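Chain residues, written in single-letter form:
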Amino acid sequence: MPVEPILLVHGGAGNITDARCPGKFNGMKQALRVGIKHLIPTDGVSEGSALDAVEAAVAVMECDGNFNAGYGACLNLESKVEVEASIMEGSELKAGCVTLLHDIMHPISVARCVMQNTKHTFLGGDAAQKFALEHGFEQLPEDSLITEDARLALQEFKELQAKGLDTTFARTELDVKQDTGEQEPGTVGAVAIDCNGNIAAATSTGGITGKVSGRIGDTPLLGCGTYADNLQGGVSTTGHGETIMRFNLAQKIMAKIRYEGKTAQIATEEACKEMTERLTGTGGAITIDAHGRIGIHWTSRRMGWAYTKSGEIFYGIDHGKQFQEQL
């Protein structure tokens, strides 16, 4: 049976300040407006592609300093950006993952290139950098992806560290005018289902502030940060990476859909709550199941999310609050 196409995105979960909400909303809506053109072509001839849609949506957010991915990514202890991403399609379970790239704006597109142009699934470090350059991706001038907010976040991290305070949940979206609470990673992601029932998911991040050089998070790991299977659904996660990795959040959601018959919403909500109850760390996820039903939940203070369906955009960042407008 034909399925109504849906594109669903997130812009990171954590202690997002009021000042950053408008930028999150604008960025996510722009990602939807670009991605939906790939999901529902207007030429009347082309078929929509869930895979093209999620890549395009994530690429928009990678260019936006309101998010922790690409431009605006967090800094490691050496004041450098190391980005990572993964993308997966649900028909043949093909996937591409990359990590420890530097000065590359769109790791999500490098991940797709790995999926489509190699026999492998995951490339990292110098090999991934070399692969990207050999396949035409631009290496930007050094430190081009660094924003002032990222510098401030690292400065605060080092000050806390010097005082011997806990930096487990380091800030990644620092707003010096507001709020002094803990921050969690502001990873970006997208999940889509096209009219043929094909599902795809994509996730991209700059990691966490003050990470050790070479640290790899949940984002490029299948079953943790990203997963897609036409028979079950697709998931992209965000939050405290070490927690999500240890809990295997994306697969936990998929298992609830497959083995327990849960809807996307119930599966996402239960898995996120179980993760935080078990491991303390918080996070969230967006899900679309094989029937085209969506799931959105987070255990952090806030998570930016938005989706488009039937020419409408629905979006929010606080529990219990939703906004709606024309696409």
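- As recorded in an unreviewed UniProt entry, the protein goes by Isoaspartyl peptidase/L-asparaginase and comes from Glossina pallidipes.
- In its Subunit (unreviewed entry) section, the UniProt record describing the protein reads: "Heterodimer of an alpha and beta chain produced by autocleavage."
- In its Sequence similarities (unreviewed entry) section, the UniProt record describing the protein reads: "Belongs to the Ntn-hydrolase family."

**Concerning helix α2 (residues 50-62)**
Okay, step 1: Its 13 residues place the ends of α2 18 Å apart at the C-alpha level, agreeing with the 18 Å of an ideal helix rising 1.5 Å per residue.
Okay, step 2: Burial of α2 is extensive: 11 of the 13 residues sit out of reach of the surface.
Okay, step 3: Where α2 is concerned, the buried positions are Ala50, Leu51, Ala53, Val54, Glu55, Ala56, Ala57, Val58, Ala59, Met61 and Glu62.
Okay, step 4: Where the residues of α2 are buried, they touch β1 (6-14), α1 (21-39), β2 (83-89), α3 (107-117), β5 (188-193) and β6 (199-205).

**A look at the sheet that holds strand β4 (residues 122-124)**
Okay, step 1: Read from one edge to the other, the open sheet built from 9 strands follows the order β4-β3-β2-β6-β5-β1-β11-β12-β13, with strand pairing classed as mixed. Strands at the two margins of the open sheet, each flanked by one partner only, are β4 and β13 (323-326). In this sheet, neighbouring strand axes are inclined to one another by 10° on average, regardless of whether the strands run parallel or antiparallel.
Okay, step 2: Examined bridge by bridge, strand β11 (residues 302-309) and strand β12 (residues 312-316) share 5 bridges and lie antiparallel to one another. Bridging from a neighbouring strand, Lys309 pairs with Glu312 of β12.
Okay, step 3: α1 rests against β1, β5, β11, β12 and β13 of the sheet, and its axis sits at about 155° to β1.

Thresholds, definitions, all that
Residues numbered from 1 in each chain as written. Predicted model: local features only at pLDDT ≥ 70, side-chain atom pairs only at ≥ 80, totals over all residues. Heavy atoms only, no water. UniProt positions renumbered as here; feature names shortened; annotations may be inferred. Helix = DSSP H or I, 4+ residues; strand = E, 2+ residues; numbered from the N terminus. Expected span 1.5 Å × (residues − 1). Buried < 20%, exposed > 50% of the residue type's maximum accessible area, 1.4 Å probe, protein only. Contact = heavy atoms within 4.5 Å. Pairing = 2+ DSSP bridges. Axes fitted to C-alpha atoms, helices over the stretch in contact; angles between N-to-C directions.

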